[in-house]
Amino acid sequence: MTTPEAKAREEIDRLLKAAGWVLQNMDEFNRNAGVGVAVREFSLPSGPCDYLLFIDGKAAGVVEAKPTGHTLSGVSEQSDKYMSKLPDHLASWSDTLLLDYESTGDETFFRDMRDPTPRSRRVFAFHRPETLRASLLDDGTLRSRLAAMPSLDKRGLRDCQIEAIDGLEESLAKADPRALIQMATGSGKTFTACTFSYRLLKFAKAKRILFLVDRNNLGEQTLREYQGYQPPDDGRHFSDLYVTQQLKSPHLDKDASVVITTIQRLYAMLRGEELDEEDEEGSAFEAGDSGEVAPVDYNPDIPIEMFDIIITDECHRSIYGQWRQVLEYFDAFVIGLTATPSKHTLGFFAQNLVSEYPYERSVVDGVNVGYEIYRIRTKVGEAGGTVDADYAVPVRDKRTRKVRYQQIDDDLPYTAEQLDRSVTVPNQIRAVLQAYSDSLPTKLFPGRNWVPKTLIFAKDDNHAEEIVHIAREVFGEGNDFCKKITYRTTGDKPRDLIQAFRNDPFPRIAVTVDMIATGTDIKPVEVVMFLRDVKSELYFEQMKGRGCRTMPDADLLSVTPDAGSKTRFVLIDAVGVTETNKTASQPLERKKGVRFDKLLDQVAQGLRDDDALSSLAGRLAALDQAIDDEDRAKIRAAADGKSPADLAGSLLDAIDPDTIEKEAGARFGATPTDAQYAEVEQELKDIACAPFDDANFRNLLKEIKKKTEIVIDEITTDEVILADYDLKRAEETTTKFRDFIEANKDELLALQILYSQPYRMQQLTYAAITDLSEKLTEAPWHLTTAEVWQAYRRLDASKVAGAPSDRMLTDIISLIRFATGQAEQLEPFRNRANQLFELWIGRQKNAGREFSVEQLQWLRLIRDHIAANAAADAEDFKHVPAFTDRGGLIRARQVFGDELDAMLADLNGALVA
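Note that the coordinates shown come from a computational prediction; the quantities given were computed from them, not determined experimentally.

Let's shift gears to the overall build of the protein chain. Along its length, the protein chain carries 37 helices and 24 strands. Burial analysis of the protein chain (913 residues in total) assigns 53% to the buried set. For the protein chain, restricting intrachain contacts to residue pairs at least 6 apart in sequence, the fraction spanning at least 24 positions comes to 69%. Within the structure as shown, the protein chain displays about 40,200 Å² of accessible surface, and the carbon and sulfur contribution to it stands at 47%.

By definition, the strands of a sheet pair up through backbone hydrogen bonds, in either a parallel or an antiparallel sense. Read across the sheet, seven strands follow the order E10-E11-E9-E12-E13-E8-E14 without closing on themselves; strand pairing throughout is parallel. Sheet topology places strand E10 (243-246) and strand E14 (353-357) at the edges, where each strand pairs with a single neighbour. Each strand of the sheet is rotated relative to its neighbour by a mean of 15°, with strand direction disregarded. Taken together, the four bridges between strand E8 (residues 178-183) and E14 define a ladder with parallel strand orientation. Pairing of Met-183 across the sheet is with Tyr-357, part of E14. The strands touched by helix H5 (residues 159-173) are E8, strand E13 (333-338) and E14; relative to E14, the strand with the most contacts, the crossing angle is about 170°.

A few words on the pairing of E13. Counting buried positions along E13 yields six of six residues, so the element is predominantly enclosed. Of the two faces of E13, the one holding Phe-333, Ile-335 and Leu-337 and the one holding Val-334, Gly-336 and Thr-338 are both buried throughout. Two strands pair when backbone bridges link them, and E8 and E13 are joined in this way by five bridges, in the parallel orientation. Each residue of the ladder has a partner; that of Leu-180, found in E13, is Gly-336. By the bridge criterion, five bridges tie strand E12 (residues 309-313) to E13 in an arrangement that is parallel. For Ile-310, the partnering residue across the bridge sits in E13 and is Val-334.

In this section: helix H36 (residues 888-896). Of all the residues in H36, the buried ones are Gly-888, Leu-889, Ala-892, Val-895 and Phe-896. The arc that holds the buried residues of H36, viewed along the axis, is 125°, so those residues lie on one side. Structural note: H36 exposes Ile-890 and Gln-894 on the side pointing more than 90 degrees away from its buried face. Where H36 is buried, its residues touch helix H33 (853-869), helix H34 (876-879), helix H35 (881-884) and helix H37 (900-911).

Enumeration over the complete set of coordinates arrives at 45 salt bridges. One salt bridge in this structure joins Arg-40 and Asp-13, with 3.1 Å as the shortest N-O distance. Residue Arg-40 is found in strand E2 (residues 36-44), and its partner Asp-13 is found in helix H1 (residues 4-18); the two are separated by 27 residues along the sequence. A single burial state applies to Arg-40 and to Asp-13, both of which are buried. Notably, a salt bridge pairs Arg-145 with Asp-139, separated by 3.4 Å at the nearest N-O pair. Relative accessible area serves as the criterion here: at 60%, Asp-139 is assigned to the exposed category. Through salt bridges that share partners, Asp-138, Asp-139, Arg-145 and Lys-205 make up one connected network.

Moving on, we get to the packing of helix H32 (residues 829-846) against H33. For any two helices packed against each other, one specifies the inter-axial angle together with the distance between the axes. Interhelical geometry of H32 versus H33 gives an angle of 145° and a closest axis separation of 9 Å. Both H32 and H33 take part in a crossing whose hand is right-handed. Of the residues in H33, those in contact with Phe-829, Arg-830, Ala-833, Asn-834, Phe-837, Glu-838, Trp-840 and Ile-841 of H32 are Leu-856, Leu-859, Arg-860, Arg-863, Asp-864, Ile-866 and Ala-867. When grouped by side-chain class, the residues that make up the contact of H32 with H33 number nine nonpolar, one polar and five charged.

A surface patch of like charges, here negative, comprises Asp-159, Glu-163, Asp-166, Glu-170, Glu-356, Asp-365, Asp-658 and Glu-661. Secondary structure elements with two or more residues in the negative patch: H5 and helix H24 (657-668). The leading source of residues in the negative patch is H5, at four residues. The class of Glu-170 is exposed, set by a relative accessible area of 52%.

The strand order E15-E24-E23-E20-E22-E21 describes an open sheet built from six strands, whose pairing is parallel. On the outer flanks of this sheet lie strand E15 (370-375) and strand E21 (482-484), each paired with one strand and no other. Averaged over neighbouring strand pairs, the angle between their axes works out to 20° when direction is ignored. For strand E23 (residues 527-530) and strand E24 (residues 568-573), the ladder comprises four bridges, and the chain directions are parallel. Looking across to E24, one finds that Val-527 is bridged to Val-570. Helix H16 (residues 461-475) contacts strand E20 (454-457), E21 and strand E22 (509-512) of the sheet and is inclined by roughly 175° relative to E21.

If you trace the backbone, Ser-439 turns up in helix H15 (residues 426-444). We classify Ser-439 as buried; its relative accessible area is 8%. A distance of 2.7 Å separates the side chain of Ser-439 from the side chain of Tyr-374, its partner in a polar contact. There is a polar contact of 2.8 Å between the side chain of Ser-439 and the backbone oxygen of Ala-435. With residues up to four places along the chain from it excluded, the contact list for Ser-439 reads Tyr-374 and Leu-444.

Below, the discussion takes up the packing of aromatic side chains. Centre distance and the angle of the planes are the two values used to describe a pair of aromatic rings. Going through the model one piece at a time under the given rule, you end up with 25 aromatic pairs. Relative to Tyr-242, the ring of Tyr-198 lies with its centre 6.4 Å away and its plane at 65°, an arrangement referred to as edge-to-face. Placement of Tyr-198 in helix H6 (residues 189-202) and of Tyr-242 in the loop between helix H8 (238-241) and E10 is noted, with a sequence separation of 44 residues between them. With relative accessibility at 4%, the residue Tyr-198 sits in the buried group. With a centroid separation of 6.4 Å and 20° between ring planes, the pair formed by Phe-837 and Trp-840 is classed as stacked. One end of the pair is Phe-837 and the other is Trp-840, both in helix H32 and three residues apart, which spans about a single turn. Taken together, Phe-124, Tyr-298, Phe-307, Tyr-329 and Phe-330 form an aromatic cluster joined through their ring pairs. In this arrangement the basic side chain of Lys-544 is found over the ring face of Tyr-359, its NZ or CZ atom lying 5.5 Å from the centre. Against the face of Phe-837 rests Arg-863, its NZ or CZ located 5.2 Å from the ring centre.

Cut-offs applied
- Residues numbered from 1 in each chain as written.
- Predicted model: local features only at pLDDT ≥ 70, side-chain atom pairs only at ≥ 80, totals over all residues.
- Heavy atoms only, no water.
- Helix = DSSP H or I, 4+ residues; strand = E, 2+ residues; numbered from the N terminus.
- Buried < 20%, exposed > 50% of the residue type's maximum accessible area, 1.4 Å probe, protein only.
- Contact = heavy atoms within 4.5 Å.
- Areas by Shrake-Rupley, 256 points an atom, 1.4 Å probe, with all protein chains shown as cover.
- Pairing = 2+ DSSP bridges.
- Axes fitted to C-alpha atoms, helices over the stretch in contact; angles between N-to-C directions.
- Arc of directions from axis to C-beta.
- Salt bridge = Lys/Arg side-chain N within 4 Å of Asp/Glu carboxyl O.
- Left-handed = near helix turned anticlockwise from the far one by under 90°.
- Nonpolar A, V, L, I, M, F, W, Y, C, P; charged D, E, K, R; others polar.
- Patch = residues over 30% accessible without salt bridge, like charges linked within 9 Å, V, L, I, M, F, W, Y side chains within 5 Å.
- Lys, Arg positive; Asp, Glu negative; His and termini not counted.
- Charge placed at Lys NZ, Arg CZ, Asp CG, Glu CD.
- Polar contact = N/O pair within 3.5 Å; in protein donor to acceptor, adjacent residues only side chain to side chain.
- Phe/Tyr/Trp six-rings, centres within 6.5 Å; stacked < 30°, edge-to-face > 60°.
- Lys NZ or Arg CZ within 6 Å of the ring centre and 35° of its normal.

Encoded structure:
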């Protein structure tokens, strides 16, 4: 039987050969047999090493091999004995070895002793010897150059972009493997990426940067940004300095410094498979995990060192699930760009948020505009309907769109959720669009004749087709007025339609599914309409963001002749998409019923509640976008040099918990009391509101506002009213539990492990679970697993199975996974462990492994121990009664032999998956 050690050696040999190393035993030693030679059991002064690595005939590094399942965190210290001074007779790159690998074949760590702080990092496989040779010949390592980057040239950069680049480079200098940049939609994330890409290529001498996009058309937009980028210290364009490639085929240009692609295409390339372009058009936000994805194996044509830097734009959720292995294949720093970081995102990036620039702040700064919600409800849209029997009804083939007529024998009821999925009701679409048309001149955009640029999100391609035809009818316009822009668009190419929608007066309305949902920059959009629901909070934020971009008045007038200034956009909700609490950011405007002049007077009289100050900030930010330089100068003269945007920023800071906490800490120490916190909050509000005490200044603002005022009669969205007291308590309990996770995300080891460890390498500990459970019961939370479990059952019993056990601390793992969206079903941890155990047994049998009756009895005991404690190791066999009663560790080793440790590691990974 193959021992774990032998199995590890076989896999290490395979990986070394695949990476281009020549393998030798000592009796066939020839250090010049290739660029890279790996010699087994080579004798060094400290003893024989498992593999000595020669590059160009000179000793360069060592591989320390360990059995499959062996943990490697402490092995690098064991490898240090080989890193001491080498014999004088041995040809080498240095007096000591420079490269250090530890590997089990399934897991490999690498350390370069030339780095400023040599630290082992996990790698998918071994580097090619040619790559290591180039590095050894260079004037240092990538990490050493990242630690010595020159100061940033700030010309042409916004403050938020400077903060992002400085924060990122500080993180890279510390060799943090992952870094997350949060920048609001429209604040120039791609321009920021171009800037730091240029710096990484020029100053850090990064070989190649990978830029991952959500969909193919975003790749084209990103390519244009890179090609047009001009660094401040060089008059040439980026594409004149560095080759930039968007992957359209499996061929990767070896000279490319920046490669832009979707994660789907990269996965197919690693697997050696073909990819249909259509597979790159659907957004990963909605696709999610669609079943088991085959694992990636080492591909010699795409070595792990192919990219030094990976930029993942919008950090879509696919990188945390089945596609994550694609990122972990490469030995590269991962930089995330997002407008809306979630718990999943923060967990994946190990909480390393290097800069924050939220949407609310971008509105105050004039980078983006705020939004208002306009709700349209229809009877069918709310409650569904019924297709009456005894009539021949038209039936359309979704694929061919051919219509036939069919007699139905029974009434066919349908729900609102089935609309435009299984049943299409043209009159429902017509009612929504007619309501929109009727509201344009009266409530939405009074005094304007041109329909504002409108982006409509449909459920699928067939639904989009219906909307296009009905929109043309409702508005009495021709084909140019309304266009469908999806990957199934015929005639004009989607990119040409997007360009026309962005730059030309026509079309006025674009209907899409998700092709323009994320990233696509169409600044003239003033209306975003949802005729589909969205389940992903992040995706909704991205879709909503298509309307938030600002633009110069002249540019807006060139496509919408009577538009004036873009100071806001309208989100039209025809399906209740805004009523599911998925929006991460809220409108600044919270006092719709209060006029601007009245709100000013109320603040002057002492009104200080957060909603009022937020609304005033939103109104001032919009005013700043609408006024001319002359009026802005008048306001500055009356407000000590402050513009309306500056005043808005002060108001927003005064109600920002982070700002208040920082100021309170600076004034009263690390732990200010509630009274001290309230004192600082009140003082910040009074300072921010002080300019409005001056009646002359208020009157000036009122007069200037009158010149640009647009009457808006907004319809407020209804909120769901919970009639049942228990349901209300349940909602409060689950909200409190999610708040607990959010508040403790930096401390909860369980949460860190769930989202920070690599694909299929997650493992929790009993100590981490105990700590989590104890903190949950402490003030201010005072929650128990059973209480939270029951609350979820009350809210949706269909998603909850079974009940937690008082003795099973591990059930809290199930709660965390359910609360954070990792599991769709809440069930006791033991149930899940049992299911995974049976799958594990099945895999063993399929591999030809048969267990004796006694072995199965031991395996079930191990299963139960893992289910209760999240892990099992050899030490448990010495103390746990269930094991000691059967002979403990001695008997277990007799039953399983040398496979016990590897089998325990395998079961730990399989059952706590």
